[in-house]
Amino acid sequence: YRMNAGSKTKATKIHLGIYGIYVQKDKILVIKKNRGPYEGMYDLPGGRIEPGETLNEALDREILEETGMNTKESIFICTSEYHCKWTKESKEKDFHHVGLYYKVALEGTLNKGPDGHDSDGSDWISVPISADQVAPITHDALKKLDLLK
């Protein structure tokens, strides 16, 4: 893909992820990112779709891994795309992220601890959320549901 008109065409890996939006009363379930281009920000529970998984299987697995909760229901909201540059191990990398967003209903007890991957844990925060608190990839989906300031 082309980063900017006139710049070199550059092959890059595309990160394809699937994410759940779970709101109860005036709070939304989020995870706190501990690495990657969204480090230090809130993100929605979810992540990479693994080869051989259906979208529903990936959504269910990722939500369970990051929150300890099970998905009862999911309704597709939108796709979103985000491009940026970020530094990993002193090297600047191009990051292209595509997200599939679902409004979900969950059941079970929330596990707030780290997931052992890229999350420092999950928690509830009040909505609407300030745009600078959450990963930019989430903005389109959160706007559609009127959850972003």
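Predicted model only: the values in this text are computed from it and were never measured.

Reading the values: the criteria
- Residues numbered from 1 in each chain as written.
- Predicted model: local features only at pLDDT ≥ 70, side-chain atom pairs only at ≥ 80, totals over all residues.
- Heavy atoms only, no water.
- Helix = DSSP H or I, 4+ residues; strand = E, 2+ residues; numbered from the N terminus.
- Buried < 20%, exposed > 50% of the residue type's maximum accessible area, 1.4 Å probe, protein only.
- Disulfide = S-S within 2.5 Å.
- Pairing = 2+ DSSP bridges.
- Axes fitted to C-alpha atoms, helices over the stretch in contact; angles between N-to-C directions.
- Salt bridge = Lys/Arg side-chain N within 4 Å of Asp/Glu carboxyl O.
- Core = buried A, V, L, I, M, F, W, Y, C linked by side-chain atoms within 4.5 Å.
- Contact = heavy atoms within 4.5 Å.

## A short note on the environment of Gly36
Point 1. Within the secondary structure, Gly36 sits in the loop between strand 3 (27-33) and strand 4 (42-43).
Point 2. Residue class for Gly36 comes out buried when judged on its relative accessible area of 19%.
Point 3. For Gly36 and Thr87, which are 51 residues apart along the polypeptide, the C-alpha to C-alpha distance reads 8.5 Å.

## What to know about the state of the cysteines
As used in these notes, a disulfide is a covalent bond between sulfur atoms, one from each of two cysteines.
Point 1. In this structure the tally under the stated criterion is 0 disulfides.
Point 2. Here Cys78 is not disulfide-linked; the sulfur of Cys84 is the nearest cysteine sulfur, at 18 Å.

## Things to note about the sheet that holds strand 1 (residues 14-21)
Point 1. One open sheet holds the 4 strands; their spatial order is 5-1-7-6, and the pairing between them is mixed. With one partner strand each, in any of the chains shown, strand 5 (46-48) and strand 6 (70-88) form the two edges of the open sheet. Adjacent strand axes in the sheet meet at a mean angle of 20 degrees, parallel and antiparallel pairs treated alike.
Point 2. As judged from the 8 bridges shared by strand 1 and strand 7 (residues 91-107), these two strands associate in the parallel manner.

## Structural notes on unusual backbone geometry
Point 1. In this structure, Pro128 follows Val127 across a cis peptide bond, with omega equal to 0 degrees.
Point 2. When you line up the elements, Pro128 lands in the loop between strand 8 (119-126) and helix 2 (139-144).
Point 3. The residue Asp146 is not glycine, and still its phi comes out positive at about 60 degrees.
Point 4. Mapped onto the elements of the fold, Asp146 is located in the segment after helix 2.

## Section: the pattern of salt bridges
Point 1. Inspection of every chain in the model, using the stated rule, returns 7 salt bridges.
Point 2. A salt bridge links Arg61 to Glu53; the nearest nitrogen and oxygen atoms lie 2.5 Å apart.
Point 3. The residue Glu65 makes a salt bridge to Arg61 at a minimum N-O spacing of 3.2 Å. With Glu65 and Arg61 both in helix 1 (residues 55-67) and 4 residues apart, the pair spans about one turn of that helix.
Point 4. The class of Glu65 is partly exposed, set by a relative accessible area of 36%.
Point 5. Beyond isolated ion pairs, a larger network of salt bridges with shared partners links Glu50, Glu53, Arg61, Glu62 and Glu65.

## What about the nonpolar core?
Point 1. Membership of the largest hydrophobic core comes to 21 residues, with the highest contact counts inside it found for Ile21, Ile28, Leu44, Tyr101, Ile129, Leu142 and Leu147.
Point 2. Residue contributions to this core peak at 3 residues, all from strand 6.
Point 3. Setting aside residues up to four positions removed in sequence, Leu44 forms contacts with Tyr19, Gly20, Ile21, Ile28, Leu29, Ile31, Glu66, Tyr101, Thr138 and Leu142.
Point 4. In this structure, Ile18, Ala58, Leu59 and Leu110 belong to the second largest nonpolar core, which totals 13 residues.

All we've got here are geometric facts, nothing functional implied.
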